[in-house]
Every structure is written in C-alpha cells, then in structure tokens.
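# An overview of the molecular structure
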Amino acid sequence: MTSKNTPRSFSAPLYILAFIITIVIFGIGVYVGTLFDKSNLSRISSDVESTLQRLESAQILLFLDDSASFCPVYKTELEKLERDTELIGHRLNLLSDKGATDIELKKQYFVLEAQGYLLSKKVNERCNVNDTLVLYFYSNKNCEKCAAQGEDLLRSRDQLSNSIDKRIKFYSFDGDLGSAVADALKQKHYVYEYPTIVVNDKVYRDYQDVDTLVKIFSGQSAISSGPRTDG
Amino acid sequence: MQIVRIVEYSIAFITLYFTVFIILLYIKYRNSVSEKPRIDKKFTPRLSVIIPAFNEEDTLEHCVKSLVDADYPKEELDIIIVDDGSKDKTYAIAKLLSNRYKNVRCFTKKNEGKAAALNYAITRADGEIIATLDADSFIEKDTIWRMLPYFKDKEVAAVTAAVKVNEQKNKGKAILEFIQKIEYLFTLFSRKVLVFIEAVTVTPGPFSMFRSWVFKKVGMFDTKSILEDQEIALRIQKHNYKIRSSMDAGVYTEIPRNFNELLKQRIRWHRGGFHNTLKYLSLISPRYGDFGLIIMPLTFIAIITLFGVFFVAIANIFTQPYYFRYLGLEASLLSLTPIHIVGLIILALNVLWIAWGLLQFKKEKISAWQLIIYIISYSYLLTIYWTAAIIKEIKMEKPSW
C-alpha cells in the first residue's frame, strides 16, 4: 500500500498580504529613520550655533586685549572649541555618509571652521604658538582619493601625536558645495583640484600619503606643489 | 558604499518578508496547531524500531527499556539494535538486552556511519512502519500511540516526534541546557506550522517513523550525508509524500553539555544542511507549491543572507573606523539607519513568534530570564556556529560526527 503523491498548493493570498505588510513595515522603518536623522541634524545645528557664539566671544576677547597675558586663556578656550568643532565635523560626515545631508548646515559648519582657523592664526601670532594649521579641500562629487586623504590626515596626526610638541589642526572644506567661505579660501590659495592641502599657507596638490604628510607636518619636507599664496 | 546599502536593504526586506509570511501562516492555522489526532488502540501495525549505536554503553539500556516499557503490543513491536563497530561495551549490552527481551534483536557490523547502520537494519526489518531511535534517546510510554494515528491518512509517509532535551539533575538551570531546551521546543513549534504547507524538512534522528515502502520508493538513508535525517526528509518531499509532526509524542534526547561539544554538533548540522540544500536546489520550484516557492528558497537565501551580513559588517568595519574612534558610542547611534529600525521590528516579530511557540508548551517550565537570555544569545551563537561551519567548508575539511 503506497501513499498518493501530495498535490502541492500555493498560499497566494498569504504571499500578497505578507508583501503588503512588509512594504508597510519598511515604510515605517524609513519614516522613523528619517525622523531620527532630522532630529540629529537639528541637534548638530544647535551645536554649530552655540560653538559659533563661543568662537565669536573668544574673538571679541582677543580684539579687546592685545597683550599676551591672556594667551593661556585663549589657548585653553581655543582647544575646547576646536575639539568640539572637530567632533561636529565627524558627526556631519557620518550622517553625510549614510545619506542624511543638510547642505545649509554644512555651509554653516564651514563658517565655523573658517572662523576657528582665523582665530587660531591670530593666537599663533599673538601668543607665539607654533601650531600647524591645515586647510583641507575636498569634493564629495568628483574626487576618488578624497575619502582616503581625509583618513590619512587623521592617521598622520595620530602618528605624530607623541613625537612633536605642537598641535596639528585640520579645517576641511567641500570645495563643490557652493559655500562662500570655502570659495573664498580656495581663491586665496589658488585651489582648483581635489584633494588639496594647505599647510601653514603652503599648498600641496593631489593625494599625499601618510609618510609624506608626516614629513610635511614635522617640517621635514618644504616642497609644496603650488605657488606661495601670499604673493 | 552603494553596494553595501543595496545588500543591507535586500537582506532586511527578504528577512522581513519571510518572517511576516510565517507569522501569517500561523495566524491562519492557529486553531489547528495544537490539534492532536485521536489515539486508536485498535490501530496496531507491526512496528520495527531501529537503534543504531556507536559507543553508547551509557545510554543504550535506558533507550531500549523505554521501548520495551512502551504502551504498545509487544508482539507487534520489533526492536533492532545495530552496533556500528563500537569500541566500548555497546555490543555486549545489546546482546544482553536481546537475551533479556524477546522482541529485541541485535547485530554488529564494522563502523561505516549511522546511515549505513540504519540501512543495514532496514533490510532486516519486517515492520509495516519502521522507526529510527537514537541510542542516546528515550521515548515516553504513549509516544508510539500518539504518532501512529497520523498514518491513518494514507498520504502520510513519515511522522516526526516531539524531540525534547533530556534535562539533567539541575533541571535545566545550566545555561547551555536551557538554551537548547528552548531551541528544541521552538523548533518543534515551527515544524508543526510548516506541516500546513507540506514543508517539513527534517525527520529528526532521535525518533521518527516511516512507512516501510518509503525506503523502496525514495531509497535508503544516504551514507554520504552527515545529516541523513534531513536528507531523507528532503527526498521524501521531492517525491511529494507527506510528512507529519507530532507535538505531544515525546522523545528525550541527550544534548551537548559543554560549548565544544555543542559547536561540534552544530558545525555538523550546518555543514550537512548546506550540502543537503545544494543537493536539493531543484526543490526550489513552483512544482513544489509553497514548499518550493517559499521554504526551500528561504533555506538557501538564509545561507546567502549570512554571507551578506558578514560582507556588510566587514565593509562597515573598513569604511567607518574613525567615526567610532572619535565619537565612541555616539557613532553607533548616529549610524542608525532605517534598516536598523526594520531590524528592531524583525526582532520584535521573532520574539512574538518565540512567545507563541512556547505558549504551546505550558507544562515546560521556562522562566522569563531564561527566555531573555535565549533571545539575546541565540543570534550570537548562530553566528559562531555558521562562522565555524563556513571556515571548515572553505578549508574543505572532511565533515564528521
């Protein structure tokens, strides 16, 4: 006695219902994810505004008192501001990498960076500080090596952190975002390709690997690839 | 990385779809899941129970005694022990048992693996129904009665028992023991639901019954497979015969008690499962209805999904190291994408599925803490099992017991 072969069936209504429910749940996931990103961007926007205000206060202090007696105060406050600015930059980059971008917020961030850069320059001069100021110009649209360059800049700083006693500060700008501040800095330093690094006003075009960056930052290599920018 | 995003979203969508499908399936058949066929003590087909044994001197007697003590007419019960070339006292114990009990026979042969031992006994079995029972397992008194009624449906070719963990003296308090206990119960429930779309994919070794002609029609156990209980089930499915699953015909089996043993067992299961899936890729076809369109593809996709998850995880490690260095835990929160939200929903649905499953077994004492530990640890354990299995596959190591 043998069993009959089982006729197979299709639960077509279940397939369709499962598909519809899946689409709905996916939609909810996308919506909640988008809300979450908006909330993060809003928080970062508040951070940018408050950091800008602190920066402006520090600038006013600098202009009010041109003696060197306040240098320790400037340096401490500037360190905090720069740390906070860099963290804001990492947050913005992370959100940007996963597709959550706010172009106006990024432009505002570049204003913050530019102000920080100018203040650092002034403090360097006023307080006889030898910090290395690095402008980094990149593009998210048209630059294959820019992502690697950004990481290598951080790596080179990590390598040098114990061997030199000056600080290396990065100020990065997306040159294709339409930011007035970024465009002004590009014009000043004759930046026309990406990635380009400007170290203490010396221009280095194209990708620089970690070893080259270490030499540049530690002052071992003086060969830049562009004209002096103050001429 | 666009390709990473595409892989992530695809995995999430497929996983969510199948999860929703299975839940809808349960909702549709929820009233039938706990139904049990009526026991009919007049239905007493001759039953041959085969016990393949390799180095089972500690458990063989208890196993055989559970059969001998089973509530079933002794004259219709034929117990066949096959010693598969054991190095310990297994055969000596088998001979003692065959001398002690009239309906127990024993054989010894050279070691060729479990499937070969089963096939050896099948050719010597005279039962209308042939059952396989692991030598480290034992049945309850009424297990046979609870399984046989399914054979009244002439289209049923095989019936699986409710495989549960043989709990030790500390009554399931050891972590590995209760994790496996919950896992076995949950698997039992999932298998029962799959019955409704004729999609049972394994006739578990601890105790399963087959009509004797199954072995003539579909062939004997595959001696090359290390997961012969799944392989034959897939073969039965290929021939479009029915497999039924009992949720109350209990068989208690020994489980690995330490992590090394558990890992060894799971590597065999996953590697065997992978080989069987590749062998039966032809079952992915509308010819096999829901089984061919949903369950078999799911089995295959689950393996590819695992590779996909590895790919995404590795890609993320290499593309985002600095964020985590400078932002710490905040990077994890900022990195949350809609996929993570969907993942949380999938997790919630799986917890619901587990809860429904365990509700079928109210008599089994499982505390909320045990359930939480199971839910948290299971995906990590599964990842370890699969990772180890994949490494062994890549190294092309010979699969073994």
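Here the structure is a predicted model, which is why all the values come from computation and not from measurement. (Residues numbered from 1 in each chain as written. Chains lettered and ligands numbered in written order. Predicted model: local features only at pLDDT ≥ 70, side-chain atom pairs only at ≥ 80, totals over all residues. Heavy atoms only, no water.)

## Section: the sheet that holds strand S1 (residues 132-138) of chain A
Residue and element names in this part refer to chain A.
- Here we have four strands laid out as an open sheet, ordered S2-S1-S3-S4, and mixed in their pairing. Either end of the sheet is taken by a strand with one partner, and the two such strands are strand S2 (168-174) and strand S4 (202-205). Looking at each pair of strands side by side, their axes are set apart by 20° on average, direction ignored.
- Bridge count between S1 and S2: seven bridges; the pairing is parallel. Across the sheet, tyrosine 138 pairs through a bridge with aspartate 174, a residue of S2.
- Contacting S1, S2, strand S3 (196-199) and S4, helix H6 (residues 210-217) crosses the sheet at an angle of about 20° to S3. (Pairing = 2+ DSSP bridges. Helix = DSSP H or I, 4+ residues; strand = E, 2+ residues; numbered from the N terminus. Axes fitted to C-alpha atoms, helices over the stretch in contact; angles between N-to-C directions. Contact = heavy atoms within 4.5 Å.)

## Comments concerning the interface of chain B and chain A
- Counting residues at the interface gives 53 residues for chain B, matched by 43 residues for chain A.
- Each partner contributes to the roughly 4300 Å² buried at the junction of chain B and chain A, and carbon and sulfur atoms together form 65% of this total.
- By the criterion of area lost to chain A, the three top residues of chain B are Tyr322, Tyr323 and Leu334 of chain B, representing 16% of everything that side buries.
- The interface formed by chain B and chain A contains two salt bridges.
- With a shortest N-O distance of 2.5 Å, glutamate 330 of chain B and arginine 91 of chain A are connected by a salt bridge.
- Here chain B and chain A share eight residue pairs in polar contact (both at pLDDT 80 or more) between them.
- Contributions of two or more residues to the side of chain B that touches chain A are made by helix H1 (2-33), strand S6 (156-165), helix H7 (213-217), helix H10 (289-319), helix H11 (321-327), helix H12 (329-334) and helix H13 (338-359) of chain B.
- Sort the elements by how many residues they give to the side of chain B that touches chain A and H1 of chain B lands first, with eleven residues.
- By residue class, the composition of the side of chain B that touches chain A is 33 nonpolar, seven polar and 13 charged. (Buried area = accessible area lost by both parts, 1.4 Å probe. Salt bridge = Lys/Arg side-chain N within 4 Å of Asp/Glu carboxyl O. Polar contact = N/O pair within 3.5 Å; in protein donor to acceptor, adjacent residues only side chain to side chain. Nonpolar A, V, L, I, M, F, W, Y, C, P; charged D, E, K, R; others polar.)

## Brief notes about the environment of leucine 352 of chain B
- Mapped onto the elements of the fold, leucine 352 of chain B is located in helix H13.
- Taking the relative accessible area as the measure of exposure, leucine 352 of chain B reaches 36% and is therefore partly exposed. (Buried < 20%, exposed > 50% of the residue type's maximum accessible area, 1.4 Å probe, protein only.)

## Looking at the state of the cysteines
Residue and element names in this part refer to chain B.
- All told, the structure shown has one disulfide over all chains when counted by the stated rule.
- Free of any disulfide, cysteine 106 has its nearest neighbouring cysteine sulfur in cysteine 63, separated by 14 Å.
- The class for cysteine 106 is buried, based on a relative accessible area of 16%. (Disulfide = S-S within 2.5 Å.)

## Some remarks on H6 of chain A
Residue and element names in this part refer to chain A.
- Listed in full, the buried residues belonging to H6 are Val210, Leu213, Val214, Ile216 and Phe217. Taken end-on, H6 shows its buried residues confined to a sector of 165°, consistent with a single buried face.
- Those residues of H6 that are buried lie in contact with S1, helix H4 (146-160), S2, S3 and S4.
- Once H6 ends, the next one or two residues include glycine 219, with phi positive near 80°. (Arc of directions from axis to C-beta.)

## Re the domain arrangement of chain B
All names here are of chain B.
- According to the domain assignment, chain B consists of domain 1 (2-31 + 286-394) and domain 2 (37-282).
- Here the C-alpha centroids of domain 1 and domain 2 sit 30 Å apart.
- Taken together, the contacts link 38 residues of domain 1 with 39 residues of domain 2.
- When domain 1 packs against domain 2, the two sides together hide about 3700 Å² of surface, and 78% of this comes from carbon and sulfur.
- With its nearest N and O atoms 3.3 Å apart, the salt bridge here joins lysine 164 to glutamate 364.
- In this structure, the connection of domain 1 to domain 2 is made through six residue pairs in polar contact (both at pLDDT 80 or more).
- Those elements giving two or more residues to the side of domain 1 that touches domain 2 turn out to be H1, H10, H13 and helix H14 (368-394).
- Ranked by residue count, the leading element in the side of domain 1 that touches domain 2 is H14, at 15 residues.
- Its residues assigned to classes, the side of domain 1 that touches domain 2 shows 28 nonpolar, five polar and five charged. (Domains from an automatic or database assignment.)

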